[in-house]
Amino acid sequence: MGAVSPRQSLRERLPAFPWDRLEPYKATAAAHADGIVDLSVGTPVDPVPALVQQALTDAANSPGYPTVWGTLALRDALTGWAADRLGAPDLAHPNVLPVVGSKELVAWLPTQLGLGAGDKVAYPRLAYPTYEVGARLAGAEPVAYDEPTALDPAGLKLLWLNSPSNPTGRVLTVDELRRTVAWARQHGVLVVSDECYLELGWDAEPVSVLHPDVCGGSYEGLVAVHSLSKRSNLAGYRSAFLLGDSAVLGDLLQIRKHSGMMMAAPVQAATVAALGDTAHVAEQRERYARRRAALRTAFEAAGFRIEHSEASLYLWATRDEPCWDTVGDLAKHGILVAPGEFYGAAGERFVRIAFTATDERVAAAVRRLSGS
């Protein structure tokens, strides 16, 4: 028997890619006479704001290499946005770092932090699968939790928070965040808070881990992850950024310099434009609020129970049956949703319903759910 190649060894650390399992159901839904209503993935479908497109175009003639840390204008935009939107007024340039989309960051952060065998990475029991993937890529031990302060701190190096949650839409309270931050600092654990849906609160107002009421005015041991994919319809631009502990971000900056992990110069300019405008954010929120209300009413009328879902772009729904049964039944009506099992065994009787489809497709789903 030949030696196992490094590529095979790395691949074997990873779970099966879950979305491949959805393909047969997608084919069933696509066969509907009126076409598929795809509510399975939270991908934006509305236009990129015109001012962002213009900024990208104006910066198109960018023949030189961009900087990993970003332009002065970008760093100013990040600190200004954090002060205005997160209530974190004391962030300086060493406290910010642009990244090439948040998924890349989540997947490779444990590796960039130098974690490996003997180290633990913890994340919510119901969670975005890439938290586990990142731990496995680094060779660290992934640990799912129900309550972070109940974790065994021995060997725990990275604690992921996610509020608002993907998939459930649950929002952690200030007290919950404050308690977790205090516990992590007591045990020397780095807290990284995935806050990519923070500007999409509906029945609750999400709070950043960097808010003074949570962190006490100190960013030590804390990093917040933000993205413009949902807020500004920029998923295709791969625009995201980190805020927080300057020592942690300084180390990541050096690693990313050596690795050439840099945001494209036109995207940096587009990010500055997006962060400086609130009108398009309000407009997009109104679209999502309308779609959310229509889908929630229709699914509840069709016998579903919605849990949490007070924020983010999803409804966390159940008919108290195995999630694949729900997925299969909805696919026959041309509606595709994500099985809750994708986000952990605790979701095996739930489905995640994205309200990122167009108004026309949302209306089609509502008609089909009502039987008309």
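A short tour of the structure in this document, coming up. (Residues numbered from 1 in each chain as written. Predicted model: local features only at pLDDT ≥ 70, side-chain atom pairs only at ≥ 80, totals over all residues. Heavy atoms only, no water.)

Of the regular secondary structure elements, the protein chain holds 13 helices and 13 strands. Taking 21 Å as the expected radius of gyration for a compact globule of 372 residues, we find that the protein chain reaches 21 Å, a close match to that expectation. Once the C-alpha set of the protein chain is aligned to its principal axes, its extents read approximately 60 × 55 × 50 Å. Burial analysis of the protein chain (372 residues in total) assigns 53% to the buried set. Within the protein chain, contacts between residues at least 6 apart in sequence are counted, and of these 76% link residues at least 24 apart. Accessible surface, the protein chain: about 15,700 Å² in total, of which carbon and sulfur atoms supply 54%. (Helix = DSSP H or I, 4+ residues; strand = E, 2+ residues; numbered from the N terminus. Rg over C-alpha atoms; globule rule 2.2 N^0.38 Å. Buried < 20%, exposed > 50% of the residue type's maximum accessible area, 1.4 Å probe, protein only. Contact = heavy atoms within 4.5 Å. Areas by Shrake-Rupley, 256 points an atom, 1.4 Å probe, with all protein chains shown as cover.)

Glancing now at the packing of aromatic side chains. Where two aromatic rings form a pair, the distance of their centres and the angle of their planes describe that pair. In the structure shown here, the tally under the stated rule is 11 aromatic pairs. For the pair Tyr288 and Phe355, a centre-to-centre distance of 6.3 Å together with 70° between the ring planes defines the contact as edge-to-face. Taken as a pair, Tyr288 in helix α11 (residues 279-301) and Phe355 in the loop between β13 (351-354) and α13 (359-370) lie far apart in primary sequence, 67 residues in all. For the pair shown, Tyr288 and Phe355 are each scored as buried. Ring plane angle 80° and centroid distance 5.1 Å describe the contact between Phe299 and Phe304, whose orientation is recorded as edge-to-face. On the basis of relative accessibility, which here comes to 5%, the residue Phe304 falls in the buried class. (Phe/Tyr/Trp six-rings, centres within 6.5 Å; stacked < 30°, edge-to-face > 60°.)

We now examine the pattern of salt bridges. On inspection of all chains with the given rule, the structure shows 25 salt bridges. Where Asp175 meets Arg178, a salt bridge forms, and the shortest distance between an N and an O atom there is 2.7 Å. Separated by three residues within a single helix, Asp175 and Arg178 lie in helix α7 (residues 174-187), roughly one turn from each other. The class of Asp175 is partly exposed, set by a relative accessible area of 47%. Glu360 is the partner of Arg361 in a salt bridge, and the nearest nitrogen-oxygen pair spans 2.8 Å. Under the relative-accessibility criterion, Arg361 is labelled buried at 15%. (Salt bridge = Lys/Arg side-chain N within 4 Å of Asp/Glu carboxyl O.)

Another point: the pairing of β13. Here β13 shows a buried face lined by Val351 and Ile353 and a second buried face lined by Arg352 and Ala354. Summarising the sheet, strand β10 (residues 314-318) and β13 pair through four bridges and their orientation is antiparallel. Within β13, the position partnered with Leu315 by the bridge is Ile353. Sheet analysis places strand β12 (residues 338-339) next to β13, joined by two bridges and oriented antiparallel. Opposite Pro339, over in β13, you have Val351 as the bridge partner. (Pairing = 2+ DSSP bridges.)

Turning our eyes to something else, we now look at the sheet that holds strand β5 (residues 156-162). The strand order across the open sheet formed by seven strands is β2-β8-β7-β6-β5-β3-β4, and the pairing between neighbours is mixed. Each having just a single partner strand, β2 (96-99) and β4 (141-145) make up the two edges of the open sheet. The mean angle between the axes of side-by-side strands here comes to 20°, regardless of whether they run parallel or antiparallel. As defined by bridge partners, β5 adjoins strand β6 (residues 190-194) across five bridges and the pair is classed as parallel. Across the sheet, Leu158 pairs through a bridge with Leu190, a residue of β6. Across the sheet, helix α5 (residues 102-112) lies against β2, β3 (120-124), β5, β6, β7 (222-227) and β8 (240-244), angled at about 160° from β5, the strand it touches most. (Axes fitted to C-alpha atoms, helices over the stretch in contact; angles between N-to-C directions.)

Turning next to the nonpolar core. Membership of the largest hydrophobic core comes to 65 residues, with the highest contact counts inside it found for Leu39, Trp160 and Leu242. The contacts of Trp160, once residues within four sequence positions are left out, are Leu105, Val106, Leu109, Val121, Ala122, Tyr123, Pro124, Tyr131, Tyr145, Val192, Asp194 and Val225. Core analysis: the next-biggest nonpolar cluster, separate from the first, contains 44 residues, Val181, Ala184, Leu198 and Leu228 among them. (Core = buried A, V, L, I, M, F, W, Y, C linked by side-chain atoms within 4.5 Å.)

What follows covers the sheet that holds β10. Across the sheet, which stays open at both edges, the four strands sit in the order β9-β10-β13-β12 with antiparallel pairing between neighbours. Where the open sheet ends on each side, the last strands, each with one partner, are β9 (305-307) and β12. Inspection of the sheet shows β9 paired to β10 by three bridges, in the antiparallel sense. Looking across to β10, one finds that Ile306 is bridged to Ala317.

Put simply, α5 and helix α9 (residues 246-259) touch, their axes get as near as 12 Å, and they point 100° apart. Considering their axes alone, α5 and α9 lie roughly perpendicular with respect to each other. Side by side, α5 and α9 meet where Glu104, Leu105, Leu109 and Gln112 of the first sit next to Leu252, Ile255 and Arg256 of the second. (Parallel < 35°, antiparallel > 145°, perpendicular 65-115°, else oblique.)

Judged by how many residues are buried, β7 sits mostly within the fold: six of six residues are covered. Of the two faces of β7, both are covered, the one formed by Leu222, Ala224 and His226 as well as the one formed by Val223, Val225 and Ser227. Pairing geometry for β6 and β7, over four bridges, is parallel. Opposite Asp194, over in β7, you have Val225 as the bridge partner.

On the secondary structure map, Asp359 appears in helix α13. Once the C-alpha coordinates of Asp359 and Arg287 are considered, the two residues, 72 residues apart in sequence, prove to be 8.2 Å apart. Dropping the residues within four chain positions of it, Asp359 is found in contact with Arg290 and Arg291. In terms of polar contacts, Asp359 uses its side chain to reach the side chain of Arg291, at 2.7 Å. (Polar contact = N/O pair within 3.5 Å; in protein donor to acceptor, adjacent residues only side chain to side chain.)

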